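Working through the structure, step by step
Chain by chain, the residues:
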Amino acid sequence: MTSRVALDTSALMMPVELDVRLFDELDRLLGEFEPTTPQSVVEELRRLGEKGGTEGTAASVGHDLATDRCLVVDTEESYADDALVELAREGAVDYVVTNDRPLRDRVLEARRPVIALRGRNKLAVTQP
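Residues numbered from 1 in each chain as written. Predicted model: local features only at pLDDT ≥ 70, side-chain atom pairs only at ≥ 80, totals over all residues. Heavy atoms only, no water.

1. Structural notes on the overall build of the protein chain
The line we're drawing: Numbering of helices and strands runs from the N terminus; a helix is a DSSP stretch of H or I covering at least four residues, while a strand is a stretch of E covering at least two. Throughout, the radius of gyration refers to the C-alpha atoms, and the reference size of a globule is 2.2 Å times the residue count to the power 0.38. Buried, partly exposed and exposed residues are distinguished by accessible area as a fraction of the type maximum, computed with a 1.4 Å probe on protein chains only: under 20%, between the cut-offs, and over 50%, respectively. Should any heavy atoms of two residues lie within 4.5 Å, those residues are considered in contact. Here, Shrake-Rupley sampling with a 1.4 Å probe gives the accessible areas, and only protein chains in the shown set may cover a residue. In this tally, Asp and Glu contribute negative charge and Lys and Arg positive charge; neither His nor the terminal groups of the chain are included. For the purpose of locating charges, the reference atoms are NZ of Lys, CZ of Arg, CG of Asp and CD of Glu.
Within the protein chain, the secondary structure is distributed over six helices and six strands. In terms of overall dimensions, the protein chain is globule-like: its C-alpha atoms have a radius of gyration of 13 Å, near the 14 Å expected for 128 residues. By principal-axis analysis of the C-alpha atoms, the protein chain measures approximately 35 × 35 × 25 Å. Across the 128 residues in the protein chain, those meeting the buried criterion constitute 47%. Here the contacts in the protein chain between residues at least 6 apart in sequence split such that 61% fall between residues at least 24 apart. By element, 43% of the accessible surface of the protein chain is carried by carbon and sulfur atoms, the whole surface being about 6700 Å². When the 16 positive and 25 negative side-chain charges of the protein chain are each reduced to one mean point, those points stand 7 Å apart.

Structural data, given as structure tokens:
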């Protein structure tokens, strides 16, 4: 069965910021998966990418990953974190990938597992 995985802004910036092979790591953890991201995350990455610098570069790469490799979905929520929690609560995704602690806690409260960085460049699943 294919797992549906929602990626947040921090996850999509991991390849540049933290040298994480994001899609390889998800494949290692889950096998077959369908990467998804809310439109609000794509917009946030676009805005961050316009700022330039290291963060801007990471955001631009994240934006490209989101638009090239992910199913971009519309949600009722316009704020990225709220959109990810909405997807988790509604059961639209099986996992949320984030390094954002407040978002992780909200997703776990919504009874969905979170995938986050564990160690230097490996991902691990935290169950609710």
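2. A look at the pattern of salt bridges
Rules: Think of a salt bridge as a Lys or Arg side-chain nitrogen and an Asp or Glu carboxyl oxygen that are within 4 Å of each other.
Under the defined criterion, the tally for this structure stands at eight salt bridges. The salt bridge partner of E43 is R46, with a shortest N-O separation of 3.0 Å. Of the two residues, E43 and R46 are both situated in helix α3 (residues 39-49); the distance of three residues between them amounts to about one turn of the helix. By relative accessible area, R46 is classed as partly exposed at 36%. Ionic contacts of the salt-bridge type, sharing partners, join the residues E25, R28 and K122 into one network.

3. Structural notes on the sheet that holds strand β2 (residues 33-38)
Within a sheet, neighbouring strands are paired by backbone hydrogen bonds and run either parallel or antiparallel to one another. Put simply, the test is: Two strands make a pair as long as DSSP finds a minimum of two bridges between them. A fitted line through C-alpha atoms serves as each axis, taken over the contacting stretch for helices, and the angle formed by two N-to-C directions is quoted from 0 to 180°.
With mixed pairing, the six strands of this open sheet are ordered in space as β3-β2-β1-β4-β5-β6. Both edges of this open sheet fall to β3 (71-73) and β6 (122-126), since each of them pairs with a single strand only. Across the sheet, the mean angle separating the axes of adjacent strands is 35° when strand polarity is ignored. Where strand β5 (residues 114-118) meets β6, five bridges bridge the pair, whose relative direction is antiparallel. Looking across to β6, one finds that L117 is bridged to L123. Sitting on the sheet, helix α2 (residues 22-30) is in contact with β1 (3-7), β2, β4 (95-97), β5 and β6, with an inclination near 45° to β6.

4. A closer look at the nonpolar core
To keep things clear, this is the line we draw: Joining through side-chain atoms within 4.5 Å is the link that ties buried Ala, Val, Leu, Ile, Met, Phe, Trp, Tyr and Cys residues into a set, and such a set is a nonpolar core.
Ranked by internal contacts, the top residues of the largest apolar core, which has 40 residues, are V5, L7, L12, L22, L26 and V97. Each residue touching L7, except ones within four places of it in the same chain, is listed here: L12, L22, F23, L26, P35, T36, T37, P38, V41, C70, L84 and V97.

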